[in-house]
Amino acid sequence: MRIPSKPLLEHITKELDRLADKFPNLANALQSLKQRATSRFQDESIDFNSVKDALDAIVKDADELDTDGYLYAIGQQLTNQLDPLSRSLLSGDVPVLPELAVRLSHSEEEAASQVEAGHSAPGSRTRLGGKPQWIQSDATPVCSACQKTMTFVAQIDSLSAEDSDLGRILEARGSYMFGDVGMIYVFWCSQCLGTQAVFQCE
Ligand SMILES: [Zn+2]
């Protein structure tokens, strides 16, 4: 999947022309920045890594052309707009899973009521906190920035059991099936504000 260049080019042109009208003293510098920025999106479509490289290059261009700090700030502002725009252009084909409300309860009470009911509800391994219930072996990530063990936040279970209405509806739609009844584990580093996810299945 690639990102069409046209909407990005249109945004660059529109935004820098608007700023040139607003700040006539920067018009020449903005024109140069526009030429350089648009030259980075000459292919009809572009992959996401190349967009990221192009955005870094635009900030560098703005820094080079800068005389008083304004153009660098404009370069950053422009790339801060282009980043979410390129993400939304890329996300067109990604399915949106059906939205489900989540009810929180103390996990021991919940587990007891499931044992009583004699079956597990679909996605019943889903948890916030506690310890991860690994399907395979322990794969707790180490934060790549600070090299410390990350904090377990949640595990999100596949919703697969057919012995409930919700399970049947979701099964029919083929949603929330992560691999072969797999689980997604989410981790957090409070020091670096970093996240990581791990996937496991049988
Ligand atoms: Zn960290």
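Overview of the structure.

## Quick look at the coordination of the zinc ion
Move 1: Coordination sphere of the zinc ion, protein contribution only: Cys143 (SG), Cys146 (SG), Cys189 (SG) and Cys192 (SG), at 2.3 to 2.4 Å.
Move 2: Geometry at the zinc ion is tetrahedral, judged from the four donor atoms that bind it and their angles of 106 to 115 degrees at the metal.
Move 3: Each donor residue of the zinc ion lies on the same chain, and together they follow the pattern C-x2-C-x42-C-x2-C. Placement of Cys143 in the loop between β3 (127–128) and β4 (151–157) and of Cys192 in the loop between β5 (183–189) and β6 (194–200) is noted, with a sequence separation of 49 residues between them.
Move 4: Classification of Cys143 by relative accessible area gives buried; the value is 4%.

## A few points about the sheet that holds β5
Move 1: Taken in spatial order, the four strands line up as β3-β4-β5-β6 in an open sheet, and their pairing is antiparallel. Only two strands of the sheet have a single partner each, and these edge strands are β3 and β6.

## Details of the packing of aromatic side chains
Move 1: Following the criterion strictly, the structure yields three aromatic pairs and no others.
Move 2: Summarising the aromatic geometry, the rings of Trp134 and Phe187 are spaced 6.0 Å apart at their centres and angled 10 degrees between planes, so their arrangement reads as stacked. Placement of the pair is Trp134 in the loop between β3 and β4 and Phe187 in strand β5, with a sequence separation of 53 residues.
Move 3: Trp134 gets classed as buried once you look at its relative accessible area, which sits at 18%.

## Topic: the pattern of salt bridges
Move 1: Under the definition given, this model contains eight salt bridges.
Move 2: In this structure, the salt-bridge partner of Lys6 is Glu10, at a minimum N-O distance of 3.7 Å. One end of the pair is Lys6 and the other is Glu10, both in helix α1 (residues 5–22) and four residues apart, which spans about a single turn.
Move 3: With relative accessibility at 46%, the residue Glu10 sits in the partly exposed group.
Move 4: The partner of Glu64 in a salt bridge is Arg36, with the nearest N and O atoms 3.0 Å apart. Highlighted residues: Glu64 in helix α3 (residues 48–65) and Arg36 in helix α2 (residues 27–39), separated in sequence by 28 residues.

## Concerning the packing of α3 against helix α4 (residues 70–90)
Move 1: Contact geometry for α3 and α4: axes closest at 8 Å, N-to-C directions at 170 degrees. As judged from the angle between their axes, α3 and α4 are roughly antiparallel. Residue-level contacts link Phe48, Val51, Leu55, Ile58, Val59, Ala62, Asp63 and Leu65 of α3 to Leu71, Tyr72, Gly75, Gln76, Leu78, Thr79, Leu82, Asp83, Ser86, Arg87 and Leu90 of α4.
Move 2: Taken together, the residues that form the contact of α3 with α4 break down as twelve nonpolar, four polar and three charged.

## Observations regarding the nonpolar core
Move 1: Ranked by size, the top nonpolar core spans 22 residues in total, and within it Leu16, Leu30, Phe41 and Ile58 carry the most contacts.
Move 2: Every element with two or more residues in this core is listed here: α1, α2, α3 and α4.
Move 3: Per element, the largest residue contribution to this core is six residues, and it comes from α3.
Move 4: Beyond its immediate sequence surroundings of up to four residues, Leu16 is in contact with Leu30, Leu33, Lys34, Ile74 and Leu78.
Move 5: Grouped together as the second largest cluster of nonpolar side chains are ten residues, Phe152, Tyr185, Phe187 and Cys189 included.

## Considering unusual backbone geometry
Move 1: In the Ramachandran plot, Gln147 falls in the positive-phi region, its phi being about 65 degrees despite a non-glycine side chain.
Move 2: Within the element layout of this structure, Gln147 appears in the loop between β3 and β4.
Move 3: Overall, Gln147 belongs to the exposed group, its relative accessible area being 59%.
Move 4: In the Ramachandran plot, Leu193 falls in the positive-phi region, its phi being about 55 degrees despite a non-glycine side chain.
Move 5: Here Leu193 shows up in the loop between β5 and β6.

Rules behind the numbers
Note that residues are indexed from 1 along each chain, following the sequence as it is written. With the structure being a predicted model, the display of local features is reserved for residues of pLDDT at least 70 and the display and counting of side-chain atom pairs for 80 or more, all residues being used for whole-chain, interface and lining totals. The basis for every side-chain value is the complete set of heavy atoms in the structure, and neither hydrogens nor water enter the calculation. Each metal's donors comprise the N, O and S atoms found within 2.8 Å of it (within 3.2 Å for Na, K or Ca). Water is not part of the atom list, so some coordination spheres may appear incomplete. Geometry assignment treats four donors as tetrahedral when all angles are between 85 and 135 degrees, treats four as square planar and six as octahedral when opposite donors are over 155 degrees apart and all others between 65 and 115, and treats everything else as irregular. Only runs of H or I of at least four residues qualify as helices and only runs of E of at least two qualify as strands under DSSP, and these elements are numbered from the N terminus. Exposure classes here rest on a 1.4 Å probe applied to the protein chains alone. A residue is buried below 20% of its type maximum, exposed above 50%, and partly exposed in between. The rule for pairing is simple: two strands pair if DSSP sees at least two bridges between them. When two rings of Phe, Tyr or Trp (its six-membered ring) have centres within 6.5 Å they constitute a pair, described as stacked for plane angles under 30 degrees, edge-to-face for angles over 60, and tilted for the intermediate range. By salt bridge we mean one thing: a side-chain nitrogen of Lys or Arg within 4 Å of a carboxyl oxygen of Asp or Glu. Angles run from 0 to 180 degrees between N-to-C directions of axes, and those axes are lines fitted to C-alpha atoms, restricted for helices to the stretch in contact. Angle categories are assigned with fixed cut-offs, so that under 35 degrees is roughly parallel, over 145 is roughly antiparallel, 65 to 115 is roughly perpendicular, and the rest are oblique. Any two residues whose heavy atoms approach within 4.5 Å are treated as being in contact. For this classification, Asp, Glu, Lys and Arg are treated as charged, while Ala, Val, Leu, Ile, Met, Phe, Trp, Tyr, Cys and Pro are nonpolar and the rest, including Gly, are polar. Only buried residues count toward a nonpolar core. Its members are Ala, Val, Leu, Ile, Met, Phe, Trp, Tyr and Cys residues joined through side-chain atoms within 4.5 Å.

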